[in-house]
Amino acid sequence: MAALLLVGLTACGGCQKTDAERAAKERAEIDQRLRDSVALVPYRALKLTVRADGDPRAPEEVALLWKALAETRALPDKPLTDEATRAAARTYLDLGIAFYKARKTLQTRDEDEFPLLWSRWASASTPPLPSYDAGQEHAFLAAILLALDAAEKSDRIPATELVFYELSRATPTPAWPAPLRAAVQASRGVSFCQAGYHYAAEEELTAFLTEAERLPPEDFPTLKQSTPAQSREAALAAGHFLRAWNRMGLKRERAAEDDIEQGLRSLQTLGVENELTWWGWAFIHTRRGRYEEAAASLDKLAASPYLEETERREVHDSAEALRKHGDSLPLFQQTRATLLLGRTLLARAGGLEHVLTVLLGPERAKQLYAPLVWMDRVRQHTAKLSPEQVAQGAGETLDRAREVGNRGWKALQERLDKTTAQDSPP
């Protein structure tokens, strides 16, 4: 029996997947998510339309989708009459038809066939880097969308798939600066972790830290009021904190603690003290059994003017619990706590609009954010339409829909039924 038990344990051990195998599975799931994403169609259509503007090679189906989207601008937010409701139904049904056609077209046509967005928006300006190419533009857009995804509380903007798409196209070339190549790895790690793909995130964040530690300080940019060495130290601190966050998701707390401590040492070297460092030291002091020091760090965090009142009370209660020699920080074992800190640091920086304005300028920041809000409005209106409203107001549009093909019509009906069921009261 003992021999059989040993054989069984050995066999079970061989069945365990490695981290690399789990990461490969998660990457396959991300690829499938991109292929199935509905949110990507209007986003890719928007980008392709802008980049292909005036080009005779521009696909007609994509232009028609954008035209159908543009017609939603004239729709009222809350139709008050039956006629207005029927008009909205016809408009969104036409949008569904255009959506289906454009989705098929985007399987074979690509935005990178056309000039860069930079050449459309800032043709008279010098590119941000001498080696600026399509991959770098995808990387920069991914970074901006990642900030939107992290800061958006209501989850109204479907930024996750958009970030995955941009990062999938941000393929580094030998001409890229080494820090930018490492930054793309960090962005992938953050986006994977935020979406729950922790094994894939572990690979990317570890690769980022390895690359950042390998590079000499002079390879890093000289940012405002900082030296290249300080830029490198800040990058290492950010990398360790991000990997600690991800390792908490993997339930590898000891490894996460080591990362947090290394990140805090880097911030000490830089002379940084804020909500992030107070939380970090509270966590490390708690794990080391120094409860009074941990509570003092939480007291500083609770006094931050950038926390909301409910969050401030929760942090204060955690500090009081630690003074009674608690052995954990329940608040900071949750993803919510990480979002709390992220929003607080963003507020300290002046808010999302201010950050986008500083990075892109006021006009370009508005150009980036407005289409995303508009896409959400279209999604909300489509979700509120019932099949009965569509059938009542479609008229001749139904005949055109049938001509598109049974497959496209069924897909549209299923989506309308699904969204209506989700939003209808029980």
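Residues numbered from 1 in each chain as written. Predicted model: local features only at pLDDT ≥ 70, side-chain atom pairs only at ≥ 80, totals over all residues. Heavy atoms only, no water.

**Examining the overall build of the protein chain**
And then number 1: Looking only at helices and strands, the protein chain features 21 helices and zero strands.
And then number 2: Within the protein chain, contacts between residues at least 6 apart in sequence are counted, and of these 69% link residues at least 24 apart.
And then number 3: When the accessible area of the protein chain is evaluated, it comes to approximately 22,500 Å², of which 55% is carbon and sulfur surface. (Helix = DSSP H or I, 4+ residues; strand = E, 2+ residues; numbered from the N terminus. Contact = heavy atoms within 4.5 Å. Areas by Shrake-Rupley, 256 points an atom, 1.4 Å probe, with all protein chains shown as cover.)

**Some details on the packing of helix α2 (residues 19–36) against helix α10 (residues 198–214)**
And then number 1: At a closest axis distance of 7 Å, the pairing of α2 and α10 adopts a crossing angle of 110°. It follows that α2 is roughly perpendicular to α10 by the angle criterion. Note on element contacts: α10 touches α2 through H198, Y199, A200, E203 and E204, opposite D19, A20, R22, A23, E26 and R27.
And then number 2: Tallied by class, the residues present in the contact of α2 with α10 amount to four nonpolar, one polar and six charged. (Axes fitted to C-alpha atoms, helices over the stretch in contact; angles between N-to-C directions. Parallel < 35°, antiparallel > 145°, perpendicular 65-115°, else oblique. Nonpolar A, V, L, I, M, F, W, Y, C, P; charged D, E, K, R; others polar.)

**Quick word on the pattern of salt bridges**
And then number 1: If you walk through the whole model with that rule in mind, you get 24 salt bridges.
And then number 2: Linking D19 and R22 is a salt bridge whose minimum nitrogen-to-oxygen distance equals 4.0 Å. You can see D19 and its partner R22 sitting in helix α2, three residues apart, about one turn around the helix.
And then number 3: With a relative accessible area of 33%, D19 lands in the partly exposed category.
And then number 4: Among the ionic pairs, R288 bridges to E257, the shortest N-O distance being 3.1 Å. Linking R288 in the loop between α13 (275–287) and α14 (291–302) with E257 in helix α12 (residues 253–270), this pair joins segments that are 31 residues apart in sequence.
And then number 5: Note on E257: relative accessible area 0%, which makes it buried.
And then number 6: Put simply, K47, R51, D110, E111, D112, E166 and R169 are held in one network by salt bridges that share partners. (Salt bridge = Lys/Arg side-chain N within 4 Å of Asp/Glu carboxyl O. Buried < 20%, exposed > 50% of the residue type's maximum accessible area, 1.4 Å probe, protein only.)

**So, the nonpolar core**
And then number 1: Counting residues in each nonpolar core, the largest one holds 24 residues, and the members touching the most others are I260, L298 and L301.
And then number 2: Listed by contribution, the elements that provide at least two residues to this core are α11 (228–249), α12, α13, α14 and α15 (309–323). (Core = buried A, V, L, I, M, F, W, Y, C linked by side-chain atoms within 4.5 Å.)

**With respect to the packing of α2 against helix α8 (residues 159–169)**
Think of two packed helices as two axes; the pair is described by the angle between the axes and how far apart they sit.
And then number 1: Direction vectors running N to C along α2 and α8 enclose 110°, while the axes themselves pass 10 Å from each other. Put simply, α2 runs roughly perpendicular to α8. You can see that α2 and α8 cross each other, and the crossing is left-handed. Each of I30, R33 and L34 in α2 lies in contact with α8, whose residues at this interface are T160, E161, F164, Y165 and S168.
And then number 2: Tallied by class, residues from the contact of α2 with α8 come to four nonpolar, two polar and two charged. (Left-handed = near helix turned anticlockwise from the far one by under 90°.)

**A word on the packing of aromatic side chains**
Think of a pair of aromatic rings as described by two things: how far the centres are apart, and how the planes are tilted against each other in angle.
And then number 1: One pass over the structure, following the stated rule, counts five aromatic pairs.
And then number 2: When the centroid spacing of 6.3 Å and the interplanar angle of 85° are considered together, the rings of Y43 and Y165 count as edge-to-face. Note that Y43 is positioned in helix α3 (residues 40–51) and Y165 in helix α8, a separation of 122 residues in sequence. One exposure class covers both Y43 and Y165, and it is buried.
And then number 3: Put simply, the rings of W118, Y132 and F140 pair up and form one aromatic cluster. (Phe/Tyr/Trp six-rings, centres within 6.5 Å; stacked < 30°, edge-to-face > 60°.)

**Side note on the side chain of S297**
And then number 1: Residue position: S297 is located in helix α14.
And then number 2: Excluding residues that lie within four positions of it along the chain, S297 makes contacts with W278, W281, A282 and H285.

**Concerning helix α4 (residues 60–71)**
And then number 1: Helix length check: α4 (12 residues) gives 17 Å between terminal C-alpha atoms against 16 Å at 1.5 Å per residue, within 8%.
And then number 2: Among the residues of α4, those classed as buried are V62, L65, A68 and L69. The buried residues of α4 all sit within an arc of 120° when viewed along its axis, so they share a single face. Looking at α4, the residues exposed on the side facing more than 90 degrees away from the buried face are E60 and K67. (Expected span 1.5 Å × (residues − 1). Arc of directions from axis to C-beta.)

**Quick notes on α14**
And then number 1: In a regular helix each residue adds 1.5 Å, so 12 residues correspond to 16 Å; α14 covers 16 Å between its end C-alpha atoms and thus fits that length.
And then number 2: Turning to α14, its buried residues are Y291, A294, A295, S297, L298, L301 and A302. Around the axis of α14, the buried residues are gathered within 160° of arc, so they sit on the same side.

**Examining the confidence of the model for the protein chain**
And then number 1: Model confidence for the protein chain is summarised by a mean pLDDT of 76, while 69% of its residues fall at 70 or above.
And then number 2: Looking over the protein chain, one finds the lowest element-wise mean pLDDT in helix α20 (residues 396–404), namely 45, and the highest in α10, namely 96.
And then number 3: Confidence over residues 330–339 falls short of pLDDT 50; this stretch has 16 contacts with residues more than four positions distant or in other chains.
And then number 4: Contacts for the low-pLDDT stretch residues 389–409, under 50 throughout, to residues beyond four places or in other chains number 30 contacts. (pLDDT = per-residue confidence, 0-100.)

**Examining the environment of R57**
And then number 1: Its location among the elements puts R57 in the loop between α3 and α4.
And then number 2: Once the C-alpha coordinates of R57 and F114 are considered, the two residues, 57 residues apart in sequence, prove to be 8.9 Å apart.
And then number 3: Discounting residues that sit within four places of it in the chain, R57 has contacts with R109, E113 and F114.
And then number 4: Within the structure, the side chain of R57 is placed 3.2 Å from the backbone oxygen of E113, a separation counted as a polar contact. (Polar contact = N/O pair within 3.5 Å; in protein donor to acceptor, adjacent residues only side chain to side chain.)

**Comments concerning unusual backbone geometry**
And then number 1: Residue K251 is not a glycine yet carries a positive backbone phi of 65°.
And then number 2: Taking the relative accessible area as the measure of exposure, K251 reaches 69% and is therefore exposed.

**Section: the environment of R232**
And then number 1: Note on placement: R232 falls in helix α11.
And then number 2: Taking the C-alpha atoms as reference points, R232 and E218, separated by 14 residues in sequence, lie 8.8 Å from one another.
And then number 3: If near-sequence neighbours (up to four positions away) are discounted, R232 is found in contact with A212, E213, L215, P216, P217 and F220.
And then number 4: In terms of polar contacts, R232 uses its side chain to reach the backbone carbonyl oxygen of E213, at 2.9 Å.

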